[in-house]
Amino acid sequence: MTQQIRIAVAGANGRMGKVLVEAVQQNPRTVLTGALEHAGSDALGLDAGYAIGQKTGVLISADMDAVLANCDVVIDFTRPDASLPLIAKCAEKNIKMVIGTTGYDDNGKAAIAAAAQKNAVVFAANYSVGVNLTFHILDTVARVLNDGYDIEIIEAHHRHKVDAPSGTALSMGEHIAKTLGRDLSTHSVFCRDGIIGERKRDEIGFSTIRAADVVGEHSVWFADIGERVEISHKASSRMTFANGAVRAAKWLETRDNGLFDMTDVLDLNHL
């Protein structure tokens, strides 16, 4: 019998962390061996499965060293300030990581790249299989339609999300910009207010919605006079992201080091 992959979940009491605990528990190839939270969390000492009505035998802890002492992979969907010390510690201990945290600055991204030289890391803005297939579709649509269409990216998330636009929306923009030979940093427009003049044909616009409990919705418009091609993805449950993260953790089993994303996990480059 193939040995189970031991997984620790960072931010185990967060909205995504609770779903990750459930996904790890449900998968026959993975076992939950650690649950990490910040020192001030009210959940410290509780069983990691308390929110889903399951006893895992794993207590939520703020002791990073103790949590990492018994795991093969850490799944981290937290915030950059909490994530970066964990990334450094995992690199030190050669523990693989699946990182779904978004909002890193350039220094944070450089820290992830440095860690991946020592241990294998999957770093993606979105772990939904459907979203990552959408990235692949956007590459094709942008290549075929080329420069003749206005491009707008609209995203919606729950009111608690702290970064905007979402990492997924930015990734969509990056895929399109790369295909069209544009630099997203100079061709993106994140705010339109007042008298802004006519739209430039080569800009990539972003619009953000924050409301209630929206899990995640993304839509990309390729619009020209007389027609619009619209590519959309809507997530109704966080479990789709959690299952993708667990899939990435299992994929890392045969990798020793390197920085990967869900394109690698899903082998989309060969489609």
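Refer to the structure printed above.
Report on the accompanying structure. (Residues numbered from 1 in each chain as written. Predicted model: local features only at pLDDT ≥ 70, side-chain atom pairs only at ≥ 80, totals over all residues. Heavy atoms only, no water.)

Summing up its helical and strand segments, the protein has 9 helices and 12 strands in all. Relative to its length of 271 residues, the protein is compact, with a C-alpha radius of gyration of 20 Å against a globular reference of 18 Å. Here the protein, with 271 residues, has 47% of them falling under the buried criterion. At a minimum sequence separation of 6, the contacts of the protein that also span at least 24 residues come to 69%. Summing over all exposed atoms, the protein offers an accessible surface of approximately 13,400 Å²; the carbon and sulfur share of this is 49%. (Helix = DSSP H or I, 4+ residues; strand = E, 2+ residues; numbered from the N terminus. Rg over C-alpha atoms; globule rule 2.2 N^0.38 Å. Buried < 20%, exposed > 50% of the residue type's maximum accessible area, 1.4 Å probe, protein only. Contact = heavy atoms within 4.5 Å. Areas by Shrake-Rupley, 256 points an atom, 1.4 Å probe, with all protein chains shown as cover.)

Another aspect to go through is the pattern of salt bridges. Evaluation of the coordinates by the stated rule reveals 14 salt bridges. Where Arg-6 meets Asp-72, a salt bridge forms, and the shortest distance between an N and an O atom there is 2.9 Å. Residue Arg-6 is found in strand E1 (residues 5-10), and its partner Asp-72 is found in the loop between helix H2 (64-68) and strand E4 (73-76); the two are separated by 66 residues along the sequence. Under the relative-accessibility criterion, Arg-6 is labelled partly exposed at 28%. (Salt bridge = Lys/Arg side-chain N within 4 Å of Asp/Glu carboxyl O.)

Before going further, it helps to spend a moment on the sheet that holds strand E7 (residues 150-157). Overall, mixed pairing links the 5 strands, which are arranged E8-E9-E7-E10-E11 in an open sheet. A single partner strand is all that each edge strand has here, and the edge strands are strand E8 (188-189) and strand E11 (227-235). When E7 meets strand E9 (residues 204-210), the two strands line up parallel, connected through 7 bridges. Within the sheet, the bridge partner assigned to Ile-151 lies in E9 and is Ile-204. Contacting E7, E9 and strand E10 (216-224), helix H6 (residues 167-180) runs over the sheet at an angle of about 165° to E7. (Pairing = 2+ DSSP bridges. Axes fitted to C-alpha atoms, helices over the stretch in contact; angles between N-to-C directions.)

Looking now at the nonpolar core. Membership of the largest hydrophobic core comes to 40 residues, with the highest contact counts inside it found for Ile-75, Val-98 and Tyr-127. Listed by contribution, the elements that provide at least two residues to this core are E1, helix H1 (15-26), strand E2 (30-36), E4, strand E6 (120-123), helix H8 (239-251) and helix H9 (262-265). For this core, the element with the highest residue contribution is H8, accounting for 8 residues. Once residues within four sequence positions are removed from consideration, Val-98 is found in contact with Val-73, Val-74, Ile-75, Asp-76, Val-122, Tyr-127, Ala-245, Ala-248, Ala-249 and Leu-252. If you look at the next biggest cluster of nonpolar residues, it comprises 20 residues, including Phe-135, Leu-138, Ile-151 and Leu-184. (Core = buried A, V, L, I, M, F, W, Y, C linked by side-chain atoms within 4.5 Å.)

Another aspect to go through is the pairing of E6. As judged from the 3 bridges shared by strand E5 (residues 96-99) and E6, these two strands associate in the parallel manner. Looking across to E6, one finds that Val-98 is bridged to Val-122. Handedness of the E5-helix H4 (residues 106-115)-E6 crossover: right-handed. (Right-handed = clockwise from strand over helix to strand, strands pointing away.)

Once that is clear, we can look at the pairing of E7. Taking burial as the measure, the 8 residues of E7 include 6 buried ones, the bulk of the element. In this sheet, E10 lies alongside E7 in antiparallel orientation, the contact comprising 7 bridges. Note on E10: the bridge partner recorded for Ile-153 is Val-220.

Another aspect to go through is the packing of aromatic side chains. Here a ring pair, both rings aromatic, is described through the centre-centre distance and the interplanar angle of the planes. Taken as a whole, this structure holds 4 aromatic pairs when the rule is applied. Here the aromatic rings of Phe-77 and Tyr-127 are separated by 5.4 Å at their centres, their planes lie at 50°, and the arrangement is tilted. With Phe-77 in the loop between E4 and helix H3 (80-93) and Tyr-127 in the loop between E6 and helix H5 (129-145), this pair connects stretches of sequence that are 50 residues apart. Assessed through its relative accessible area of 16%, Phe-77 is described here as buried. (Phe/Tyr/Trp six-rings, centres within 6.5 Å; stacked < 30°, edge-to-face > 60°.)

A word on the packing of H3 against H4. It is the contact of H3 with H4, at a shortest axis distance of 9 Å, that shows an interaxial angle of 15°. It follows that H3 is roughly parallel to H4 by the angle criterion. The handedness of the crossing between H3 and H4 comes out as left-handed. Together, Leu-84, Ile-87 and Ala-91 of H3 and Gly-108, Ala-111, Ile-112 and Ala-115 of H4 make up the contact between the two elements. Across the contact of H3 with H4, the residue classes tally to 6 nonpolar, 1 polar and no charged. (Parallel < 35°, antiparallel > 145°, perpendicular 65-115°, else oblique. Left-handed = near helix turned anticlockwise from the far one by under 90°. Nonpolar A, V, L, I, M, F, W, Y, C, P; charged D, E, K, R; others polar.)

Any link to function would need more than the numbers given here.
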